[in-house]
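# Examination of the molecular architecture
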4 protein chains.
Amino acid sequence: MNPLDQTKTIGSRLSDQASERTESLLSRYQEVRSFTEVLCQPLTTEDYVVQSMPDASPTKWHLAHTSWFFETFVLAAAVPDYQPPDPMYRYLFNSYYVGAGERHCRPKRGLLSRPTVAEIYQYRAHVDGHMMALLEQLAASPCAQLASVVTLGIHHEQQHQELLLTDIKHVFSVNPLRPAYAVPCDPQVDSNATSTLGWRPYPEGLAWIGHAGEGFAFDNEGPAHRVWVEPFQLATRLVTVGEYLAFIEDGGYVRPDLWLSEGWATVQAQGWQAPLYWEQVDRNWWMMTLSGRRPIEAKEPVCHVSYYEADAYARWAGARLPTETEWEIASAGATLAGNFVEHQAWHPIPVESAASPSALHQLFGDVWEWTQSPYTAYPGYRPIAGALGEYNGKFMCNQFVLRGGSCATSQTHIRPTYRNFFPAFARWQFTGMRLAKDI
Amino acid sequence: MNPLDQTKTIGSRLSDQASERTESLLSRYQEVRSFTEVLCQPLTTEDYVVQSMPDASPTKWHLAHTSWFFETFVLAAAVPDYQPPDPMYRYLFNSYYVGAGERHCRPKRGLLSRPTVAEIYQYRAHVDGHMMALLEQLAASPCAQLASVVTLGIHHEQQHQELLLTDIKHVFSVNPLRPAYAVPCDPQVDSNATSTLGWRPYPEGLAWIGHAGEGFAFDNEGPAHRVWVEPFQLATRLVTVGEYLAFIEDGGYVRPDLWLSEGWATVQAQGWQAPLYWEQVDRNWWMMTLSGRRPIEAKEPVCHVSYYEADAYARWAGARLPTETEWEIASAGATLAGNFVEHQAWHPIPVESAASPSALHQLFGDVWEWTQSPYTAYPGYRPIAGALGEYNGKFMCNQFVLRGGSCATSQTHIRPTYRNFFPAFARWQFTGMRLAKDI
Amino acid sequence: MNPLDQTKTIGSRLSDQASERTESLLSRYQEVRSFTEVLCQPLTTEDYVVQSMPDASPTKWHLAHTSWFFETFVLAAAVPDYQPPDPMYRYLFNSYYVGAGERHCRPKRGLLSRPTVAEIYQYRAHVDGHMMALLEQLAASPCAQLASVVTLGIHHEQQHQELLLTDIKHVFSVNPLRPAYAVPCDPQVDSNATSTLGWRPYPEGLAWIGHAGEGFAFDNEGPAHRVWVEPFQLATRLVTVGEYLAFIEDGGYVRPDLWLSEGWATVQAQGWQAPLYWEQVDRNWWMMTLSGRRPIEAKEPVCHVSYYEADAYARWAGARLPTETEWEIASAGATLAGNFVEHQAWHPIPVESAASPSALHQLFGDVWEWTQSPYTAYPGYRPIAGALGEYNGKFMCNQFVLRGGSCATSQTHIRPTYRNFFPAFARWQFTGMRLAKDI
Amino acid sequence: MNPLDQTKTIGSRLSDQASERTESLLSRYQEVRSFTEVLCQPLTTEDYVVQSMPDASPTKWHLAHTSWFFETFVLAAAVPDYQPPDPMYRYLFNSYYVGAGERHCRPKRGLLSRPTVAEIYQYRAHVDGHMMALLEQLAASPCAQLASVVTLGIHHEQQHQELLLTDIKHVFSVNPLRPAYAVPCDPQVDSNATSTLGWRPYPEGLAWIGHAGEGFAFDNEGPAHRVWVEPFQLATRLVTVGEYLAFIEDGGYVRPDLWLSEGWATVQAQGWQAPLYWEQVDRNWWMMTLSGRRPIEAKEPVCHVSYYEADAYARWAGARLPTETEWEIASAGATLAGNFVEHQAWHPIPVESAASPSALHQLFGDVWEWTQSPYTAYPGYRPIAGALGEYNGKFMCNQFVLRGGSCATSQTHIRPTYRNFFPAFARWQFTGMRLAKDI
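Keep in mind that what you see is a predicted model, and the values were worked out from it rather than measured. (Residues numbered from 1 in each chain as written. Chains lettered and ligands numbered in written order. Predicted model: local features only at pLDDT ≥ 70, side-chain atom pairs only at ≥ 80, totals over all residues. Heavy atoms only, no water.)

### A word on the relation of the copies chain A and chain B
When chain A is brought onto chain B, the operation consists of a screw motion whose angular component is 180° and whose axial shift is 0.0 Å, with 0.0 Å RMSD remaining. In symmetry terms, the pair is related by a two-fold rotation axis. Among all residues of chain A, the minimum C-alpha distance to the rotation axis is found for N398 of chain A, at 2.4 Å. The overlap is high: 100% of the interface residues of chain A also sit at the interface in chain B, so the same surface is used on both sides. (Least-squares fit on C-alpha atoms with pLDDT ≥ 70 in both. Contact = heavy atoms within 4.5 Å.)

### What to know about helix 3 (residues 59–78) of chain B
Residue and element names in this part refer to chain B. In a regular helix each residue adds 1.5 Å, so 20 residues correspond to 28 Å; helix 3 covers 28 Å between its end C-alpha atoms and thus fits that length. If you look at helix 3, its biggest bend is around 35°, right at E71. Summarising burial for helix 3: 17 of the 20 residues are buried, a large majority. (Helix = DSSP H or I, 4+ residues; strand = E, 2+ residues; numbered from the N terminus. Expected span 1.5 Å × (residues − 1). Bend = angle between axes of the 7 residues up to and from the residue. Buried < 20%, exposed > 50% of the residue type's maximum accessible area, 1.4 Å probe, protein only.)

### Things to note about unusual backbone geometry
Cis geometry is found at the peptide bond from G222 of chain C to P223 of chain C, where omega equals 0°. The step from R114 of chain D to P115 of chain D runs through a cis peptide bond, and the omega angle for that step is -5°. With respect to the secondary-structure elements, P115 of chain D resides in the loop between helix 4 (89–92) and helix 5 (117–140). At Y277 of chain A, a residue that is not glycine, the phi angle is positive and equals roughly 80°. Mapped onto the elements of the fold, Y277 of chain A is located in the loop between helix 8 (261–270) and strand 5 (278–281). In this structure, D81 of chain D takes a positive phi of about 65° despite not being glycine. Relative to the elements of secondary structure, D81 of chain D occurs in the loop between helix 3 (59–78) and helix 4.

### Focus: the confidence of the model for chain A
Residue and element names in this part refer to chain A. Of the residues in chain A, 93% have a pLDDT of 70 or more, and the chain-wide mean is 92. Below a pLDDT of 50 lies the segment residues 1–22, which in the model reaches 37 contacts outside its immediate sequence neighbourhood of four places, other chains included. Note on the complex model: pTM 0.94, ipTM 0.93. (pLDDT = per-residue confidence, 0-100.)

### So, the packing of helix 2 (residues 25–39) of chain D against helix 5 of chain D
Residues and elements named next belong to chain D. Closest axis-to-axis distance for the helix 2/helix 5 pair is 10 Å, and the angle between their directions is 170°. Viewed along their axes, helix 2 and helix 5 adopt a mutual orientation that is roughly antiparallel. Listed contacts from helix 5 to L25, L26, Y29, Q30, R33, T36 and E37 of helix 2 are Y121, R124, V127, D128, M131, M132, L135, E136 and L138. Class assignment for the residues of the contact of helix 2 with helix 5 results in 9 nonpolar, 2 polar and 5 charged. (Axes fitted to C-alpha atoms, helices over the stretch in contact; angles between N-to-C directions. Parallel < 35°, antiparallel > 145°, perpendicular 65-115°, else oblique. Nonpolar A, V, L, I, M, F, W, Y, C, P; charged D, E, K, R; others polar.)

### Notes on the interface of chain A and chain C
Taken together, the contact between chain A and chain C spans 30 residues of the former and 31 residues of the latter. Between chain A and chain C lies a buried interface of about 2,400 Å² when both sides are counted; carbon and sulfur atoms form 66% of it. If you sort the residues of chain A by the area they bury against chain C, E46, L111 and R114 of chain A come out on top, with a joint share of 30%. Here chain A and chain C share 2 salt bridges between them. R114 of chain A is the partner of D47 of chain C in a salt bridge, and the nearest nitrogen-oxygen pair spans 2.5 Å. (Buried area = accessible area lost by both parts, 1.4 Å probe. Salt bridge = Lys/Arg side-chain N within 4 Å of Asp/Glu carboxyl O.)

### Points about the side chain of T431 of chain D
All names here are of chain D. Within the element layout of this structure, T431 appears in strand 13 (residues 431–432). On the basis of relative accessible area, T431 is assigned to the buried category, the value being 1%. Once you skip the residues sitting within four places of it in the chain, T431 turns out to touch V302, C303, H304, V305, V367, W368, W370, L402 and A426.

### As for the environment of G222 of chain C
Residue and element names in this part refer to chain C. Along the chain, G222 turns up in the loop between strand 2 (205–209) and strand 3 (225–229). Here G222 falls in the buried class, since its relative accessible area comes to 13%. Distance in space between the C-alpha atoms of G222 and A182 is 37 Å, their sequence separation being 40 residues. Those residues within four positions of G222 in sequence are excluded, and the remaining contacts are H211, Y378 and Y381.

Structure follows, in structure tokens:
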């Protein structure tokens, strides 16, 4: 296997996609469904099977579940007599939708050798066949309700594309052979890359926050509403590996006074001494990446840190994490560009050395930015009716909001109002941070 | 043992206290310290020893820890050559102040038969002797810094008085003999008590929230700051046992669609079917109280519910929990009166039948009201310097704010800006809820 | 996939083996190594990867570990400059030989997607190439020590063949699709098969027990020694499914008085209601077999019972389990024949209806028979020196001896003195029982 | 509290008992019941309450349970209309007798502050009153069946006397204050005490083992039966602290090759580095005893070792543990004398320096000696009918036999055929070892 060749293949497919971008739902469906399979090209059959921890899922489960989603919420509703290839699939590939029936136990997804990978690709083809027929019908006689569920399914699949990458990274990380998923598309990083940490000020005031306009958004992004904000300033770039290393070397992981109580308990219980995927070999720090194990790079954004670590670092640095409101205010007017999955770097990258020191960098892509905001309902929030109402609302407890997308997110998937959320201890996503301060 | 006699004793002591209320720190110190011991009068020596779950502490630990607090943060700082009766006490009775040194493991507090109860009372007397001397000095030559730590220690002791009661209730509840702590002072509840559930509306606007004025407040109550609030309405009284029973009988505990995902997982894992301390005997519901086991009372406020249950009930009732901001707005101008520990009811009580249906009732006392607000730092929050900075700040993660105090809280301890906080699963405090709605 | 076709292939290979049986070590090596791969023919690539519980291993781990055994204990010792294909294999495929270095954590064997199945077959070929060369040399210039380790490795591989089957059965059993491994070679079971339960008496006396003669035996089978035995009688056949069902229907799993204290605690904690792999569907009992799920068969020997269940059944039946000494006495002079893996029934089978009621049946093959004997060292036992001494000796604690082999054991692997051992709670092997009584 | 004074009191009571020994059941009952209370004299009320681990019980539970035993198996059967002081006591103080009804969960015995210690002493008095009346009747009109259950209850109480001491030692050991139970009666140990380790040989042969004669024995001590024994030799004294220290210093706890597989896993999981109750202070070893913490003494028998440690030590020493048969053969004709609880040393003591090097020492008392014999039924064993059949039989699984009694055992309680049993990991009893060897 030569991952480089494979990623070249991925690359050409992607640029094709970019050039051919169309607004038709059918095209979007095909592009996104196809991209999921493109992402699987570097994998062996064995790689599809493994579940390395309860929070992660096997690749083949992601492939099946995203098909189940269209089957359950679109085909079963809109196509009379629709039948899945195997009635047991309804059970096996439901994730957490209690309203959609009983389901297989999440931590046991990795115990299923069957259906095989080939059978799951057949399942995808089965669903795609029916979906394509339906979407052609839909083009002829539009139905806003159906279109909105299909659009939701497309965004849902993009979320699982990101999970597929972070989950397979975890699978490879627990293997002493430390296999690589793919080499970065453009491995030449500007070795002089650097960027002074600047601060951008924002005044106090009443801000409108949340999704209000055209286009798709998840239910948890609305309704738009007003929030009063005190004056604040935001760092112009993400915290880097080099800066985080200084925190470690200053005793970051052995000083309880820097940590939330729960964070410190987690550090002790888990034996954390560095971000996830870092290991010390002969006193040097190495890290596992989707391209295998390599030395850490000081100028890259730090990633795979928990909320606890982000919060402790900020305290050590004399700053704090931004609120999600502050982040969203800062993102107003920013270009939706950055190091996304289409870039095939498979990892966050440094700010270019020529970048303006006063502009905001890395707002989108690279790493999801932890905010200090617990994930709660916006005032007036109402979940979608039915089982799809379980998509977001029932998780509004003991999680924190992250903003901006990562190097594993599709550019077409992210928005300034997008609210990602994970528990404070989660580290296996591409999660990092940007500092904020009161003025 | 005749608990009634004992509670009579408690009663007279309390009314004495009320009449003699003074502003002198020394008097306050004596009153509060003495009240802790008054609360222990109904206990046998054996009762002081038991720790019935990791979150609760033995009575004798509360007695010692509150003394340790004065010793560590006042005497050790202000009294040259101060020595504790046993140097090991520093270790045994530190709760969670990492900055104050190593400490005994919390879940093992119930494994210590020594020091004996008598020795712990001697420890209290030792600390009180030194404190009294110091406070007399302090009266002569005031020191604001020292006075503020003493005041904090007094409020700290009042917090532990409430915990002492809720912890001993738990101890008695796990005992098949279901012992009683004390009979209610005035057991005649108005059996016609009832109160229509009314709703009070509040307009949108920018509100000042948090503690700003004179008098004591914990650091987490400030700084005062502005919050924008959408229009809302608040229920005029607490949710009652009868209303909650309707939720149970409508399948409240078997319908996952009513619950947060974490809440449902907890219901399943713990086998919850009702609030803590309820048990079904021959199809009738009984409950454990500080006065022993008795049938539930429909008109009383429901208590010993978790955040998960409060949230599920509100969803079922077509309402929601208030935010802490909404609660604080509503409390503006309310009289600080209610069913507090001094009332010796040892349990929440119904609204009187003659009460005005449009006024807000039970805002203070009876039960702590769960809000939908995660416990976070107010904008500009800075913890106290030193080990005392661990008092509140390090717990600002994965907890929810509760407001208003309970039947186990001292009237002199509560304020409109007071922010209590517990994890979403906690049920052993006197916790209940008041509904809110959008307008 | 048509399992029937595949098992036909297995069948012809096996009969070839039987006819060509040779005493040469090289031939034995080739036969056994090849048979391991024959057993894998019905599997998909995905099936090789999964580890369904900590006690079981993925198929590909078995394939690799048996090769590692020859590599570590033969090639590394006898072949100068021998190198494994990847130095990490030493770590990945060591099971429990502390003397052979660090090793990968057992419960995490199923987290390794790499090396792939193809790479592991290459590993086997690599080892086989070196072994074949060495065994040809050895034929020319014999070395007893080396030959004995090779022979041990061959028997070791046969043990893993049995585990491979029981482990894949477990993998398939936890999959809601209930996949089949292979159809039985001769699925026509004599439906009139039956056999009255007879009892054979044995007198008291001093018996010689343990392996003493020619031929291979594990170290734990010796030294031969004398044991005094009181008079006893032994059932002429295994306990059947029908008999065990009567135990269940008589409240076997709800009557604590029938159970060892540990057994009852296990029944309660695990919710056991029947042997492993039984499930009730609409009040009928079905069972998972290597040929998929099917109704239970009353006349078959019961299998997949723990020691606890075997012991409780015996108590209920007014009998007891035999000691291993009693079993070995009874096996003296018995023909080493039975339902072994070569028969390809993949499951225990009933005694033929024409069988003599007074003869001992099913002594070998079908199911491993639990004895009441804890697995201990025979008097004078000395483990082999070096890491191979860990093979048996270090497990002589809290396990029970089983005798006679099963339908998943090779005929060439079993002996009357063979001592298998498992903890009292183990159920995933083909384990059943024969009753005994005092006279 | 002056423990010395208290133990003097204990001493005089004990010598009184010795001089007044009588064969009457009533006297025996009174002596033993009274001795239980004598053993409690050094305790504070708080000490009675604590349960420091699931395997141990609070003192007050022991006091109540032994009374419950007489109540349930004697009074309820023989005294019409007998009523316990509280019907709930039947539930609270049943240990593991399923046949005697539902019972309180073992690990929660320490959560019960009520009944108080005083109430439990009243309970004892209540039972004693009824028992005394019954025993007087019984003296007049003998009933063998009833007498045998009373005798069993007396021996049962003596077993709990030993547990009471080992359990309170554990309670004190987990308390950082390290309280002492009592000072040794004769603290002057012969500091020149020493004893060469000799070996006594025994020939092969058929031996009669088990209880056959007059007098009380537990059901598990019979029936007497023949066992063939190979020639062996037995160490003339117990393994000492000094010898065990040499094992530690030779890497005993870091060399997996010395351990059973389960033993090594336990060492790793529990972090064992020495026997229970040893702690290293500034590179010196100290140990917790019933008389508080003090330096270890090289010449004392080592105690508080698990079976795993005893087995590993024996392997390191080039020896093995004896079988229970070997131990019983050696005990034939030995005087039933030694360091028992009546001696009030509260700890094992060295062999006197003047002792004969060829005689067997310390066979009885000092420490229970681990044998290599799993605890199994003797041939022909039948448990007592009814709930009392649960006394011994249901524990015959995954435990090892210990012989000879300890410094916490009553002299009147032990016999050469006595079979004590504990799981391999248990360490909180006074357990040690004597070595054996093949000849």
